[in-house]
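The residues making up each chain are set out below.
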Amino acid sequence: MNDKIVENDIFLKSLDFFKDAFPGRINQILKSKEEGKKIVGTLCLYVPDELIYACGADRVILCGGRSAPIEAAEEYLPRNLCPLIKSSFGSVIDQKCSKTKSCPHFGLVDLIVAEATCDGKKKMYELLNQYIPTHVMDLPQKPENQNALEYYIKELESLKDVLEKLTGNKITEAQLKNEIKSANKTRKLLHAIYELRKKDSPPIRGTEMLKVLQQMHFLSPDEFRKNLVLLLDELKVKKRENIGPRIMISGCPMASGNTKVPEIIEKRGGMIVVEESCTGTRAFWDLVDETKEPMRALAERYLKIPCACMYPNNRRIDQILKLAGDFNVGGVVYYTLQFCHGYNIEKYRVAEALKKAGIPLLSIETDYSAADTEQIKTRVDAFLEMLE
Ligand code: BJ8
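Residue numbers restart at each chain and count upward from 1, following the sequence in its written direction. Local features in a predicted model are, by the rule used here, given only for residues with pLDDT of at least 70; side-chain atom pairs are given and counted only at 80 or more, and totals for whole chains, interfaces and linings are based on all residues. Side-chain figures throughout are based on the complete set of non-hydrogen atoms in the structure, without hydrogens or water.

### Section: the packing of helix α7 (residues 148–167) against helix α12 (residues 294–302)
Lines fitted to C-alpha atoms define the axes, with helix axes restricted to the stretch in contact, and inter-axis angles between N-to-C directions lie between 0 and 180 degrees. A run of DSSP states H or I qualifies as a helix once it reaches four residues; a run of E qualifies as a strand once it reaches two. Both are numbered from the N-terminal end. The geometry of α7 relative to α12 is characterised by a closest axis approach of 9 Å and an angle of 115° between their N-to-C directions. The crossing of α7 and α12 is right-handed. When α7 is examined against α12, the residues L149, E150, Y152, I153, L156, E157 and K160 are found in contact with a partner set consisting of M295, R296, L298, A299, E300 and Y302. Residue composition of the contact of α7 with α12, grouped by class: 8 nonpolar, no polar and 5 charged. Whether a crossing is left-handed or right-handed is set by the direction in which the near helix is turned from the far one by less than a right angle, anticlockwise for left-handed and clockwise for right-handed. Only heavy atoms enter the contact rule, under which two residues are in contact if any of them lie within 4.5 Å. Put simply, Ala, Val, Leu, Ile, Met, Phe, Trp, Tyr, Cys and Pro go in the nonpolar bin, Asp, Glu, Lys and Arg in the charged bin, and everything else, Gly too, in the polar bin.

### Here's the deal with empty space enclosed by the protein
The pocket and cavity definitions rest on a 1 Å grid over protein atoms only: a 1.4 Å probe that fits but cannot leave marks a cavity, an open set with protein on both sides within 12 Å along at least five of seven lines marks a pocket, and residues lining either have an atom within 4 Å of a point. Grid points are joined across faces, edges and corners, and a volume is the space filled by probe spheres set on the points. A full pass over the atoms with the stated rule returns 3 cavities of 30 Å³ or more. Empty space within the largest cavity amounts to approximately 300 Å³. Considering the residues around the largest cavity, the lining is formed by 22 residues, among which D49, R59, A183, M216 and H217 are closest to the centre. When contributions to the lining of the largest cavity are tallied by element, the ones reaching two or more residues are α3 (49–54), β2 (58–61), α8 (173–197), α10 (221–236) and α12. If you tally residues by element for the lining of the largest cavity, the top one is α8, at 5 residues. In this structure, the second largest cavity encloses a volume near 70 Å³. Residue lining of the second largest cavity: G206, T207, L210, I249, M254, P262, I272, E275, S277 and T279, and that is the complete set.

### Details of the nonpolar core
Counting residues in each nonpolar core, the largest one holds 126 residues, and the members touching the most others are L51, Y152 and L163. Where each domain begins and ends is defined by an automated method or by a domain database. Split by domain, this core shows at least three residues from each of two domains, domain 1 (17–171) and domain 2 (175–387). The term nonpolar core refers to a set of buried residues drawn from Ala, Val, Leu, Ile, Met, Phe, Trp, Tyr and Cys, joined through side-chain atoms within 4.5 Å. For every residue, the accessible area (1.4 Å probe, protein chains only) is compared with the maximum for its type, and the residue is labelled buried under 20%, exposed over 50%, or partly exposed between those bounds.

### Some details on the pairing of strand β7 (residues 331–337)
Where burial is concerned, most of β7 is hidden: 7 out of the 7 residues are buried. Neither face of β7 is left uncovered, since the one carrying G331, V333, Y335 and L337 and the one carrying V332, Y334 and T336 both have all their residues buried. In short, DSSP must find at least two bridges between two strands for them to pair. Where strand β5 (residues 246–251) lies against β7, 5 bridges are found, and the strand directions are parallel. Note on β7: the bridge partner recorded for M248 is V332. Looking at chain direction, β7 and strand β8 (residues 361–366) are connected through 6 bridges and run parallel. Looking at β8, one finds that Y335 is bridged to I364. A clockwise path from the first strand over the helix to the second, with the strands pointing away from the viewer, defines a right-handed crossover. Taken together, β7, helix α14 (residues 341–357) and β8 form a β-α-β motif whose crossover is right-handed.

What follows is the structure, given as structure tokens:
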């Protein structure tokens with residue numbers, strides 16, 4: 001069956017910047033390096049950007065969403081491992097082997113700030129450290145425990161020391177407060193855009209929003225925010241007609257290069273109105289409290305991120321139900337990457353909660369290849385038909 005032709009679709013000019021930002025940003029990073037700025041790579045939302053910027057470094061996200069680097073990674077890592085881990089690692093190996101040079105920013109990084117989340121990532125970081133110096137932040141795995149917050153604050157303080165040593169700059173309270181303020185501005189802008197997605201005729205599609213959020217931790221914060229303002233202005237005066245069933249995507253992140261499932265959903269007639277994901281609401285939902293001591297305020301905000309690596313993760317179930325109601329969702333597509341045990345296992349509890357709430361769920365477990373595209377199309381078609 002052919003993809004549906006979407007009628008009354010609109011063109012958003014301000015999205016061009018996000019789609020074509022890559023070469024400009026690479027030049028910017030090269031220039032920063034020439035000027036002596038240190039570049040920090042990250043692979044997870046638990047690493048606060050505010051600390052990195054407050055010490056005068058720049059940061060880029062290193063999560064891999066492309067299938068091309070996976071072959072190189074499989075010389076070191078097992079095949080039955082999450083594609084995001086293999087793609088990220090493969091991109092570093094690629095740089096060192098000077099093979100494709102398609103992700104030059106991986107080779108420009110001075111330090112990786114990693115985090116103890118899933119087992120696959122932790123073990124990969126041991127290997128990664130042989131290529132790029134890697135500092136792994138520990139995380140309390142039970143964030144609701146009494147001592148969890150104090151422990152996380154200590155880890156942030158160690159990270160602060162590491163960053164100060166890397167850059168030779170001291171992080172002052174005033175600088176940190178400034179960074180918190182600007183990061184909150186970005187979060188508020190994203191909230192404003194998501195408010196528009198609650199409308200009966202949301203002006204932006206999920207596939208378009210994904211392109212924006214995939215750039216959130218790649219672009220410089222100022223540039224990202226400046227272009228969000230333009231996007232918000234444009235969205236305020238646009239609307240889409242005849243949208244199909246309203247879908248929420250929930251699950252694993254979709255790193256840059258990975259758009260397969262949302263594209264299928266929207267080409268087959270669905271409309272993604274919200275994402276419960278690290279390339280979605282998890283990236284910006286909670287603000288940092290600007291009235292509190294900054295390290296504590298950062299720790300409180302970041303520890304709230306409801307990743308499936310945490311136990312228990314009731315916060316995520318509550319958030320999914322809340323988003324489903326607020327965005328008037330007709331169905332949820334639960335998206336997991338192969339071999340991501342955390343999100344795969346947590347699906348059971350999410351499915352139970354959604355069933356109780358009377359919200360249908362379609363579960364898709366996939367990787368970065370195109371091998372299952374036709375099969376996913378068939379399943380998405382059946383799901384959308386049931387929702388119509
Ligand atoms: S806060 S989701 S960015 S860890 S790598 S867990 S897909 S098996 S990326 Fe993540 Fe931080 Fe959590 Fe978000 Fe699964 Fe793959 Fe692990 Fe993954």
